[in-house]
Amino acid sequence: MKLRKRTAALVRRTAATVLALWLLTPAGCRSDGEGIFEADVSRGERATLEEIAAGWRVIPLATPDTVRPIGEVQTMKCCDGRIFLQEQRTRRILAFEEGRFTGELARAGRGPEEYGEIGTFTYDAVHDRILLFDRNTRTLKGYARTTGRLEQSLTLDFYVAALEQVAGSRFLALRETSAPGNDDAVALLLDLHDGSVAARLPLTPVQSNLLTDMAITREGEGSLLLALPGAENRIYRVDSTGFTLLARVGFGRAGAERRFWEGRCDDPFYLAEWLESGAPAAIAPSYCQLRDGRMLLWYVSRYGSAREARPGLSLLLADTTAQRAVAELVIEGVEGTIQPFCAAEGRYFTLIHPGDITDAGRSPLAAELAAAAARNSDADNPLLVVFKL
């Protein structure tokens, strides 16, 4: 059982998200992880996406009349120019390319070629397949993107919390603990050709408890970035050869060294006390990107009574001499805060629902969103916003 599930009734703070940006030269990316970058997220201001983004695109998502409109999206994956959306209720996965609908996988059921609960999924660009982990049968199943036909099936003796293709038949898989109290969660470089393990990175108990908060970012062809939480956050590059430690990030008393990380995370009352002692801290890093000598990290603290809602957000912009914290990242004229659903190759992807556009005249981006929604043949479908920082 995940820590956040055990403590949901005790926590009353809203979730918080932090984006951290700082300069990191290649010489600083040492395999031994020496040199912790200390981030300050204690004070923040409000900023707009137009102010901090280097550019953006608004893409309407259209579905044909024969396909149901897009429902509540649980997970988004972006790979090889394609977008995949997993719906929470129906368990179907819809595929888009430049906003154009290219197919859906809708084979939820109990049959031999169907799937049950989707633990995680990804896109296999080499074989043009949607690869998912069926938690009901502990089986990895690969379905042809164009036909939905089951082409691959591999039964495992463990549960997979996250899955991404690295290169060829090698995938990064985050294996969950085998049983409550066991400290055997591990990041695996898994070869799906024969089910062998090419490399492994053991996870700490804290990291194991936060598996669902981790995110994997595609850095480029054959390379992923994995950010792990803990008393210090650790950033790894994953390629076909294994795991390389790139950087370590700390938050001092404002973040990772607070009481939660002092070895008492098994007692939920300490977690409640920790949350009551100050604003939510940035404890779970995700969406790491390396670009132009800088590292960008989105930080998520998902503990709160509204866990399933979009988390609040803070932004930290830093170099070697100065830091700027942003408590909220918004689009003027659009309700709510901006939260990426996925990230790849320097870009972030998020969804804006037309009903959240409250005043198209408040900002150019809100006007662009309203115009795109008006053009879309499916008025209820969300709009895809792709942006760079």
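Quick look at the structure, then. Keep in mind it's a predicted model, so treat the numbers as computed, not measured. (Residues numbered from 1 in each chain as written. Predicted model: local features only at pLDDT ≥ 70, side-chain atom pairs only at ≥ 80, totals over all residues. Heavy atoms only, no water.)

A few points about the nonpolar core
Step number 1: Ranked by internal contacts, the top residues of the largest apolar core, which has 27 residues, are Ile331, Tyr348, Leu369 and Phe387.
Step number 2: When residues of this core are traced back to their parent elements, those giving at least two are helix H2 (49–52), strand S22 (294–301), strand S24 (323–330), strand S26 (347–352), helix H5 (364–375) and strand S27 (383–388).
Step number 3: If you tally residues by element for this core, the top one is H5, at five residues.
Step number 4: Setting aside chain neighbours within four positions, we find phenylalanine 387 in contact with Leu49, Gly55, Trp56, Trp298, Ile338, Gly346, Arg347, Tyr348 and Thr350.
Step number 5: Counting 21 residues, the second largest nonpolar core, distinct from the first, contains Ala199, Leu201, Leu211 and Phe243. (Core = buried A, V, L, I, M, F, W, Y, C linked by side-chain atoms within 4.5 Å. Buried < 20%, exposed > 50% of the residue type's maximum accessible area, 1.4 Å probe, protein only. Helix = DSSP H or I, 4+ residues; strand = E, 2+ residues; numbered from the N terminus. Contact = heavy atoms within 4.5 Å.)

A word on the sheet that holds strand S12 (residues 150–155)
Step number 1: Here four strands make up an open sheet; going across it, the order is S9-S10-S11-S12 and the pairing antiparallel. Sheet topology places strand S9 (118–124) and S12 at the edges, where each strand pairs with a single neighbour. In this sheet, neighbouring strand axes are inclined to one another by 20 degrees on average, regardless of whether the strands run parallel or antiparallel.
Step number 2: Two elements, strand S10 (residues 129–134) and strand S11 (residues 139–144), share six bridges in a ladder whose sense is antiparallel. Bridge pairing in S11 places leucine 132 opposite lysine 141. (Pairing = 2+ DSSP bridges. Axes fitted to C-alpha atoms, helices over the stretch in contact; angles between N-to-C directions.)

Some remarks on the sheet that holds strand S7 (residues 93–97)
Step number 1: Taking strand neighbours across the sheet as the criterion, the four strands line up as S5-S6-S7-S8 in an open arrangement whose pairing is antiparallel. Two strands in the sheet have a free side with no partner beyond their single neighbour: strand S5 (73–79) and strand S8 (100–105). Pairwise comparison of adjacent strand axes, ignoring direction, gives a mean angle of 20 degrees for this sheet.
Step number 2: Direction of pairing for S7 relative to S8: antiparallel, over a ladder of five bridges. Bridge pairing links phenylalanine 96 to phenylalanine 101 in S8.

Observations concerning the environment of aspartate 128
Step number 1: Looking at the secondary structure, you find aspartate 128 in the loop between S9 and S10.
Step number 2: Owing to a relative accessible area of 22%, aspartate 128 belongs among the partly exposed residues under this scheme.
Step number 3: Taking the C-alpha atoms as reference points, aspartate 128 and threonine 146, separated by 18 residues in sequence, lie 8.1 Å from one another.
Step number 4: In contact with aspartate 128, not counting residues within four places along its chain, are Arg82, Tyr123, Tyr143, Ala144, Arg145 and Thr146.
Step number 5: At a separation of 2.6 Å, a polar atom in the side chain of aspartate 128 contacts the side chain of arginine 145. (Polar contact = N/O pair within 3.5 Å; in protein donor to acceptor, adjacent residues only side chain to side chain.)

Points about the pattern of salt bridges
Step number 1: This model, assessed by the stated rule, comprises 17 salt bridges.
Step number 2: Residue glutamate 151 pairs with arginine 149 through a salt bridge whose shortest N-O separation is 3.4 Å.
Step number 3: Here arginine 170 makes a salt bridge to aspartate 191, at a shortest N to O gap of 3.6 Å. Note that arginine 170 is positioned in strand S14 (residues 170–175) and aspartate 191 in strand S15 (residues 186–191), a separation of 21 residues in sequence.
Step number 4: Residue aspartate 191 is classed as buried on the basis of its relative accessible area of 12%. (Salt bridge = Lys/Arg side-chain N within 4 Å of Asp/Glu carboxyl O.)

A look at the side chain of threonine 63
Step number 1: When you line up the elements, threonine 63 lands in the loop between strand S4 (55–60) and S5.
Step number 2: Among the polar contacts listed, one links the side chain of threonine 63 to the side chain of asparagine 381, at a separation of 3.2 Å.
Step number 3: Sequence-distant contacts of threonine 63, defined by excluding residues within four places in its chain, comprise Arg68, Pro69, Ile70, Leu94, Phe96, Phe101, Asp378 and Asn381.

Things to note about the environment of leucine 383
Step number 1: Inspection of the secondary structure puts leucine 383 in strand S27.
Step number 2: Apart from the residues within four sequence positions on either side, leucine 383 is in contact with Val58, Ile59, Pro60, Thr350, Leu351, Ile352, Ile357, Leu369, Ala372 and Ala373.

Considering the packing of aromatic side chains
Step number 1: A complete count under the given rule lists five aromatic pairs for this structure.
Step number 2: Arranged with centres 5.8 Å apart and planes meeting at 70 degrees, the rings of tyrosine 115 and tyrosine 143 form a pair that is edge-to-face. Here tyrosine 115, found in the loop between S8 and S9, pairs with tyrosine 143, found in strand S11; they are 28 residues apart in sequence, far enough to count as distant.
Step number 3: Taking the relative accessible area as the measure of exposure, tyrosine 115 reaches 0% and is therefore buried.
Step number 4: You can call tyrosine 143 buried: its relative accessible area is 0%. (Phe/Tyr/Trp six-rings, centres within 6.5 Å; stacked < 30°, edge-to-face > 60°.)

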